Each structure stands twice: as C-alpha cells, then as structure tokens.
Amino acid sequence: MTPPPVTSQTPTPAEPVLEVDGLCTEFTVRSRGLRHTLRAVDGVDLVLRPGETLAVVGESGSGKSTLARSILRLVEPAAGRVLVSGRPLADYRDRREVYRDVQMVFQDPRSSLDPRQRIRAILDEPLRLHLRMPAERRERRIRELLAAVELPETVLDRRPAALSGGQRQRVGIARALAVEPRAVILDEPTASLDASTRGVVLDLLARLQRETGLAYLLISHDLQAVRRIAHRVQVMYVGRVVESGATEDVLRHPAHPYTRALLDAAPVAVHGGHTRTVRLSGENPGPFDLPAGCALAPRCPLAEESCRAGRPPQLSFGGTHLAACPVTHRQVAADLSATGSERREKEHPDDPDDQ
Ligand SMILES: Nc1ncnc2c1ncn2[C@@H]1O[C@H](COP(=O)(O)OP(=O)(O)OP(=O)(O)O)[C@@H](O)[C@H]1O
Ligand SMILES: [Mg+2]
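As the structure is a prediction and not an experimental result, all values here were calculated from the model.

### A look at the environment of R240
Position of R240 among the secondary structure elements: in strand β10 (residues 240-246). Spatially, the C-alpha atoms of R240 and K64 are 9.8 Å apart, while their sequence positions differ by 176 residues. In contact with R240, other than residues within four places in its own chain, are D42, G43 and A295.

### Regarding unusual backbone geometry
A positive phi angle is found at E150, which is not glycine, with a value near 60°. Checked against the element boundaries, E150 lands in the loop between α5 (135-148) and α6 (165-177). At V238, a residue that is not glycine, the phi angle is positive and equals roughly 35°. In this fold, V238 is placed in the loop between β9 (232-237) and β10. On the basis of neighbour counts, which here come to 23 C-beta atoms within 10 Å, the residue V238 falls in the buried class.

### Examining the nonpolar core
In globular proteins that are soluble, nonpolar side chains generally tend to be buried together. Judged by nonpolar contacts, the single largest core of 84 residues is most densely connected at A174, A183, V184, I185, L217, L218 and V235. Both domains that furnish three or more residues to this core are identified here as domain 1 (18-230) and domain 2 (233-340). Excluding anything up to four places from it in sequence, V235 contacts V57, G58, V241, V242, E243, V250, H256, Y258, T259 and L262.

### Describing the environment of P13
With respect to the helices and strands, the residue P13 is situated in the segment before β1 (18-31). For P13, a count of 9 C-beta atoms within 10 Å corresponds to the exposed category.

### As for the packing of helix α4 (residues 119-129) against α5
For the pair α4 and α5, the least separation of the axes is 10 Å and the interaxial angle reads 120°. In terms of orientation, α4 lies oblique with respect to α5. Of the two possible hands of crossing, α4 and α5 adopt the one that is right-handed. Here R120, L123, D124, L127 and R128 of α4 come into contact with α5, specifically with R138, R141, I142 and L145. Residues of the contact of α4 with α5, tallied by class, amount to 4 nonpolar, no polar and 5 charged.

### Here's the deal with the sheet that holds β1
Reading across from one edge, β2-β1-β4-β5 is the order of the 4 strands in this open sheet, with antiparallel pairing throughout. The sheet is open, and its two edges are formed by β2 (34-48) and β5 (87-88), each paired on a single side. Looking at chain direction, strand β4 (residues 79-84) and β5 are connected through 2 bridges and run antiparallel. Across the sheet, the residue bridging to V84 is R87, located in β5.

### Here we look at helix α7 (residues 195-212)
An ideal rise of 1.5 Å per residue puts 26 Å on 18 residues; α7 measures up with 26 Å between its terminal C-alpha atoms. Three or more residues of α7 are buried, namely R198, V201, L202 and L205. Viewed along the axis of α7, the buried residues span an arc of 100°, placing them on a single side of the element. Facing away from the buried surface of α7 by more than 90 degrees, the exposed residues are S196, D203, R210 and E211. A positive backbone phi angle near 75° is found at G213, which sits one or two residues after α7.

### Let's talk about the environment of P189
On the secondary structure map, P189 appears in the loop between β7 (183-187) and α7. The exposure class of P189 is buried, given the 30 C-beta atoms found within 10 Å. Separated by 31 residues in sequence, P189 and S220 have C-alpha atoms that sit 7.7 Å apart. Other than its neighbours up to four places away in sequence, P189 contacts V105, Q107, Q169 and V201.

### So, the pairing of β9
Burial analysis of β9 places 6 of its 6 residues in the buried class, which makes it a mostly covered element. Alternating residues of β9 divide into R232, Q234 and M236 and V233, V235 and Y237, and every residue in both groups is buried. The pairing of strand β3 (residues 53-57) with β9 spans 4 bridges and is parallel. Across the sheet, A55 pairs through a bridge with V233, a residue of β9. The sheet contact formed by β9 and β10 spans 6 bridges and is antiparallel. Bridge pairing in β10 links V235 to E243.

### Some points on α6
Under the 1.5 Å per step criterion, the end-to-end length of α6 is 19 Å for 13 residues, consistent within 8% with the ideal 18 Å. Next to the buried residues of α6 lie β6 (102-105), α3 (109-112), α4, α5, β7 and α7.

Conventions adopted
- All chains use their own residue numbering, which begins from 1 and follows the written sequence.
- As they are written, the chains are lettered A onward and the ligands numbered 1 onward, keeping that order.
- Where totals are concerned, whole chains, interfaces and linings use all residues; where local detail is concerned, this predicted model gives features only for residues with pLDDT of at least 70, and gives and counts side-chain atom pairs only at 80 or more.
- Comment: elements are numbered from the N terminus, with helices defined as DSSP H or I runs of at least four residues and strands as E runs of at least two.
- Any residue pair is listed as a contact if its two C-beta atoms, each placed from the backbone, are within 7 Å.
- In this scheme every C-beta is placed from the backbone, and a residue whose C-beta has 20 or more other C-beta atoms within 10 Å is buried, one with 12 or fewer is exposed, and one in between is partly exposed.
- A set of buried residues drawn from Ala, Val, Leu, Ile, Met, Phe, Trp, Tyr and Cys, joined through C-beta atoms within 7 Å, is what defines a nonpolar core.
- Each domain span listed reflects an automatic or database assignment of domains.
- An axis is simply a line fitted to the C-alpha atoms; with a helix, the fit covers only the stretch in contact. Between two such axes, the angle follows the N-to-C directions and lies from 0 to 180 degrees.
- Any angle from 65 to 115 degrees is called roughly perpendicular, while one under 35 is roughly parallel, one over 145 is roughly antiparallel, and all others are oblique.
- By convention the crossing between two helices is left-handed if the near helix lies anticlockwise of the far one by an angle smaller than a right angle, and right-handed if it lies clockwise.
- When residues are grouped by polarity, Ala, Val, Leu, Ile, Met, Phe, Trp, Tyr, Cys and Pro land in nonpolar, Asp, Glu, Lys and Arg in charged, and all others, Gly among them, in polar.
- Note: two strands are recorded as paired if DSSP finds a minimum of 2 bridges between them.
- Multiplying 1.5 Å by the residue count of a helix minus one yields the expected span of that helix.
- Comment: arc refers to directions from the helix axis out to C-beta atoms.

Bear in mind that shape data such as this cannot, by itself, settle questions of function.
Here you go:
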C-alpha cells in the first residue's frame, strides 16, 4: 500500500472556486427622455468553496441575476474582480472557456432548453463543443448524465415539451454537469416547479454535490429551499449585500432589519422564531436615487441620523455572521450585556446626563 502523502502544513480550507471582490454592474436606462445610470450590483463580495452552497436571497430587482450574469461575463461589470479557482475572469479567452468552469441552471427550462432539439442533442452539445469528446465517448457520457439525474433513457428521443417540468429541469441540470464544471449557478432552479417536485429536485442537487464536490451559487426567493440545501446565505438589497453568514445563524437570528422583514413575510416554516419583527414602509424602490448612507434608511423604522450619513460597515454578529446595521448591532450587544452579569450594570449606573 502506498502511504498517504506527507505534508508539513496543517490542513487549510479548500481554495475558493469562486471569489467576487467589489463587483459593480451598471445599466444605462432612459426615463422621460433622460439617461440614468442604474447600479444593479453595487460592491458585492463573495467567496464560494468546493462542496459548498451559498445562497443569494433578496426581493425582485435586488440584483441577484445581474450578479450571476456578471460572473458568467454575460454582462460586463463596471468595477470589481471575479476569480474562478484563483484565475481572473478577465484572463479567460472567451465566454465558452468560462462555461467550462462555471455553468448555469436557469429558472425556466422551457425557455433555456431549445424546444426543437431532442434531449440527446441537448446533452450532446456541451460534450461536443466544450469538451470536443469523440462520438462513442459522448454516447456513454450522456447515459451517465441521465443516470446521475435519475432520468430514464427513453427521454433521449423526446423534445423538452414532451417532458414534465421536473424532468425538464433534470435535463437542465444534466446539461450543466456535462462539462464537469467547478461551480454551478442555480438561478431560481425550482421556481417553475410544483411544491412536491421542488423538494425532489433540491434533494437531487444536494446529492450530486455530495458526490462530486461541486459548488453551488443558489439564487432564490424560496427561503425553504435555502434552508434545505444552502450552507451559507447572503442577503441582497438594491444591489448591496446587507447580511451574510451560516444559513441557520441568518435565518434564526436575522440581524439586519431588511432580513428580519424578509423573514417576517416568509412562511412559518422558514421563520426562525426571532422576536424582533420589522415593518418596513413603502416599496422596494429598486436601485434608483439611492440615499448616500444605508439604502434601506428611507424605509427602516430603526433608522437614525448616522444611517443616512454614510454607508454602514459590515459588523460582526458572532463568528462569520455579518450585517451592515449599527443599530441592531447595538441592540444585540445591549441584549447580551443585559443577560450577562449584573456586576457590569452596577459598575455603570444610569447617568441622567448620558442620553
Ligand atoms: N438589461 C438590463 N437593462 C437595464 N436594467 C436592467 C437590466 N437587467 C436588469 N436590470 C435592472 O437591474 C436591477 C436588478 O435586476 P435583476 O434582474 O438582477 O434582479 P433580481 O434580483 O434577479 O430580480 P428577480 O428576483 O425578479 O429575478 C433591476 O432594477 C432591473 O430592472
Ligand atoms: Mg433574477
């Protein structure tokens, strides 16, 4: 038997498959004859490691899909960096080369799968174009892919319209896996499915991840799906990350008022039971005419003068749990010290001048 390789180093966390630093993506839009610059993604950072699922959540228009499209170079970012396994995206020759490493599964397989092609051709294409695999190996690989997503070989001669929604999404997943990418971006992968199929597809994704060590960037409105398969969560509001951390920390102890409001609107099954509910005023304005400070300030019942002055920093709520809200940070610190030693309270008696 060969002995295991000897390393002098202590094990370090696996190298990230995807790193995003300060990503900004802008669109120019016309409104009443005037041109405006809309910043759909505004300074987003993220790190995704092998075998990990990072969920990106937030209301419609918060920039989730634009973030995904920027990572795949479907839209050119205005600023920031994307690294795939340490390699800058800008160094990739073209989009096709990016697709070898990062694949995408879309919300609605009806529009992402070519309706004229049979399933065999849909799965054959990435093997032929991206991997340049010879024909006999492609046929074998197609059968392996079908088995991996638990589809019968009878689907090979059918077209997408002849399949159920769940089967179509399995084809979408098989197509993404075909090139053995390092990471897959799942943009609302279960939104077009009924509730029972949704769970089955999520479990399939989780199993494939365990077997292959794939990393997922899961974009979803569905907090139940997030709780089921995501290890970590980032919450976005109008293009900015407002909170991030381990899924259970964020869903059970949401720190940012926006996350609290998002969870208050979610079904009981995902609501972690936090007690500080938040009612925001007005609608999400989208990334237009944002204030200088915290983007949520105009809608936030907790907002103070300082929130409007400058953009709040990411503050630690314990471990890797971060949120950009100094007000709730202070509240949580006060709660902790109130439940802590009474001695501390005696050392700092109420000072009537100290308001
Ligand atoms: N091609 C585009 N041209 C102009 N504006 C765009 C374009 N794509 C997106 N936007 C705008 O950018 C903002 C973010 O959109 P995006 O689609 O990324 O949000 P999202 O979080 O994915 O929303 P949803 O949950 O509805 O999918 C929105 O205000 C949207 O209108
Ligand atoms: Mg979207």
